[in-house]
Amino acid sequence: MSAPYIVTISSEKGGVGKTTLATNLAIYLKALHEDLPITLLSFDNHFSVDQMFRINRPSAQGDVSNLFDGSNPDNLIEIGEYGVQFIPSSNQLHTLRRELDDPAALTRALAKSGLDGIVIIDTRPDLDIFTQNALYAADRVIVPVKDAPSMDNCRRIYDFFDSHGLSRRPLRILPCLVDGRIHYDGPFRDPYQLLKAYAINRGYRCMEGYIAKSPKVESLNTNPEGKIYPVLTHGRQTAVHVQMTHIARQIYLGSLDTEVRRMNEYRVDMAQARKEHQSAYETRLSDLEIGCLVCGKTLVNKDQIGPAGYFAQSSDQRISGFIEEECFTSLVFRYFYGAKRTIETHDPIWDLFRESAQRSYFLLQRAPHTRNFYQQKLSFYRFDDDGLEVSHKTIELQEFEKRLLSKERSELYPLLERTLFDDQGRLGDAFLLLRKVSSDLPEEILYDQNFATFARIMTKVSTQLP
Ligand SMILES: Nc1ncnc2c1ncn2[C@@H]1O[C@H](COP(=O)(O)OP(=O)(O)O)[C@@H](O)[C@H]1O
Ligand SMILES: [Mg+2]
């Protein structure tokens, strides 16, 4: 599968030449290697990319905000001037910023695309979630710095890499807007030498060379036509032209050198994570009781489950399994809702219960202070979707009168025996948590995310028990 080489330009400081570098780098790379696909995108809302590269009218099916909604990046690409393709900028990122919290979202989106060649990402002077996404995906990060304070800001970019377990290998400092007229006495002859020394001193690696400050370059985006001109076409006589060429060549060589692209690394990670999820799921599956926890009828057959109405797990995690819808509902009606007669499955009450059960968790536990064998009572709790108690009821286990809960007399017996009884046949300390499952796909409850929710609710309800 193809994997683009991703170059992110980032610094938390504004006005250091990020956008100028990103846009011109795209053009220089294209000029160096006509056949190399170059794709540019920006998470800044300044639309410089669009102004510089759009040929006519917008022609892509979206913009950079669609990179986060599952759109295929291939459909967001617009063919621009100088043979550079770009993804249009967006002025809607602020709304998305509140919802997005995954720094891997862009990497995931790009991993699904057919993008190839080199992708250049321009960012806002901010470590916001979009910048984080651009950093996470990068094979190379260029951090333009123009002075000592902007160098201090790099720290947070390095920290981001460290805290996400990413190698610092991609990171490179690039002195920008270097004023060539300034000369110092002493060991550092000019601002470039000084910045470089600063960087090395902090353990930051640098690109080779720098970008000089040039009035000509500055004038390229301040002209009456409101256009932004590239250095390549309008500033060939400047030192920046030579410097840009040099930077572009380094990036190109870097793209050849990098055997393992970040994107492929990520694809391997994803495959690995999928495998781990799969094996965690299979473990949960193999831990299940085969039969309905109430009536014993076989519900789990290899990886086929059904027809089950409820999933149940004991809080000591000794037992997990499914229960038929009818078995659980009639237990509840009979023992906890005090139904005098048997409620038939076509009774409207049945549907009412089934419907409200979707948004509930149920819990069975020995009532507090009834450890003594003769007084054991059973409490039945109902919690809402968020694990907050809705109601509870405690019943006497009449059957205990004869010191034994008789199998014949109680429909509760098999369930309690399978889940909550200890070796001596009494209710232990654990509780049983139950959750309605989808009748089409009962095993859904064992999927990572659903199971994590179940486990979270298990913890939450346990803190509310007496
Ligand atoms: N090499 C350069 N020489 C002089 N001015 C520059 C140079 N590079 C960028 N500029 C100017 O500096 C300002 C900030 O540049 P820009 O690329 O927008 O920075 P950033 O994206 O980091 O905010 C712009 O006015 C731009 O024209
Ligand atoms: Mg910018």
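Residues numbered from 1 in each chain as written. Chains lettered and ligands numbered in written order. Predicted model: local features only at pLDDT ≥ 70, side-chain atom pairs only at ≥ 80, totals over all residues. Heavy atoms only, no water.

## Some points on the site of ligand 1
- In the vicinity of ligand 1, 15 residues are found, and the nearest of them are G15, T19, T20, A212 and S214.
- A distance of 3.0 Å separates an oxygen atom of ligand 1 from a polar atom in the backbone of G17.
- Contacts to ligand 1 include T19, whose side-chain N or O atom sits 2.8 Å from an oxygen atom.
- Protein chains bury 81% of the 550 Å² of accessible surface belonging to ligand 1 in isolation.
- Of the residues belonging to the shell around ligand 1, the class tally is five nonpolar, seven polar and three charged. (Near = heavy atom within 4 Å. Polar contact = N/O pair within 3.5 Å; in protein donor to acceptor, adjacent residues only side chain to side chain. Areas by Shrake-Rupley, 256 points an atom, 1.4 Å probe, with all protein chains shown as cover. Nonpolar A, V, L, I, M, F, W, Y, C, P; charged D, E, K, R; others polar.)

## Points about the packing of aromatic side chains
- Evaluated as defined, the whole model comprises 28 aromatic pairs.
- With 5.9 Å between their ring centres and 90° between their planes, F53 and Y82 make a pair best called edge-to-face. Taken together, the residues F53 in helix 2 (residues 48–53) and Y82 in the loop between strand 3 (78–79) and strand 4 (85–87) connect sequence positions 29 residues apart.
- A relative accessible area of 30% places Y82 in the partly exposed class.
- Aromatic pair F333 and Y337: ring centres 6.1 Å apart, planes at 40°, arrangement tilted. (Phe/Tyr/Trp six-rings, centres within 6.5 Å; stacked < 30°, edge-to-face > 60°. Helix = DSSP H or I, 4+ residues; strand = E, 2+ residues; numbered from the N terminus. Buried < 20%, exposed > 50% of the residue type's maximum accessible area, 1.4 Å probe, protein only.)

## Focus: unusual backbone geometry
- The amide bond that connects G306 to the next residue, P307, takes the cis arrangement and shows omega of -10°.
- Position of P307 among the secondary structure elements: in the loop between strand 9 (304–305) and strand 10 (310–314).
- A positive phi is found at F47, a non-glycine position, where the angle reads about 60°.
- Its place among the elements puts F47 in the loop between strand 2 (38–42) and helix 2.
- Here F47 falls in the partly exposed class, since its relative accessible area comes to 27%.
- Look at Q317: it is not a glycine, yet its phi comes out positive at around 60°.
- When you line up the elements, Q317 lands in the loop between strand 10 and strand 11 (320–323).

## What to know about helix 13 (residues 348–357)
- Among the residues making up helix 13, those that are buried are W350, F353 and A357. One face of helix 13 carries all of its buried residues, which in axial projection span an arc of 70°. Those residues of helix 13 that are exposed and aimed more than 90 degrees away from the buried face are P348 and L352.
- The inward-facing, buried residues of helix 13 contact strand 10, helix 12 (325–336), strand 12 (360–366), strand 13 (377–384) and strand 15 (432–436). (Arc of directions from axis to C-beta. Contact = heavy atoms within 4.5 Å.)

## Regarding the state of the cysteines
- Evaluated as defined, the whole model comprises zero disulfides.
- Here C292 stays free of any disulfide, with the sulfur of C295 as its closest cysteine sulfur at 3.7 Å.
- Taking relative accessible area as the criterion, C292 reaches 1% and is therefore assigned buried.
- Lacking any disulfide linkage, C327 is separated from the closest cysteine sulfur, that of C295, by 3.8 Å.
- Since its relative accessible area comes to 14%, C327 is described here as buried. (Disulfide = S-S within 2.5 Å.)

## Some words on helix 10 (residues 239–257)
- In a regular helix each residue adds 1.5 Å, so 19 residues correspond to 27 Å; helix 10 covers 27 Å between its end C-alpha atoms and thus fits that length.
- Turning to helix 10, its buried residues number three or more, namely V240, H241, Q243, M244, T245, I247, A248, Q250, I251, Y252, G254 and S255. (Expected span 1.5 Å × (residues − 1).)

## Points about the pairing of strand 14 (residues 389–396)
- As paired elements, strand 13 and strand 14 share seven bridges and run antiparallel to each other. Looking at strand 14, one finds that F383 is bridged to E389. (Pairing = 2+ DSSP bridges.)

## Quick word on the sheet that holds strand 10
- As summarised here, the arrangement of the six strands in space is 11-10-15-12-13-14, forming an open sheet in which the pairing is antiparallel. Of all the strands in the sheet, the pair left with one neighbour each is strand 11 and strand 14. Across the sheet, the mean angle from the axis of one strand to that of its neighbour is 20°, orientation sign disregarded.
- Direction of pairing for strand 12 relative to strand 15: antiparallel, over a ladder of four bridges. If you follow F362 over to strand 15, its bridge partner there is L434. (Axes fitted to C-alpha atoms, helices over the stretch in contact; angles between N-to-C directions.)

## Here's the deal with the side chain of Q243
- In this fold, Q243 is placed in helix 10.
- Those residues in contact with Q243, other than ones at most four positions away along the chain, are Y210, I211 and A212.

## Section: the domain arrangement of the protein
- In terms of domains, the protein is made up of domain 1 (5–270) and domain 2 (287–462).
- Here domain 1 and domain 2 have C-alpha centroids that lie 57 Å from each other. (Domains from an automatic or database assignment.)

## A word on the packing of helix 12 against helix 13
- Running from N to C, helix 12 and helix 13 point in directions that differ by 105°, and their axes come no closer than 11 Å. The angle between the axes of helix 12 and helix 13 places the two elements in the roughly perpendicular class. Contacts from E325, E326, F328, T329, S330, V332 and F333 in helix 12 reach I349, W350, F353 and R354 in helix 13.
- For the contact of helix 12 with helix 13, a count of residues per class yields six nonpolar, two polar and three charged. (Parallel < 35°, antiparallel > 145°, perpendicular 65-115°, else oblique.)

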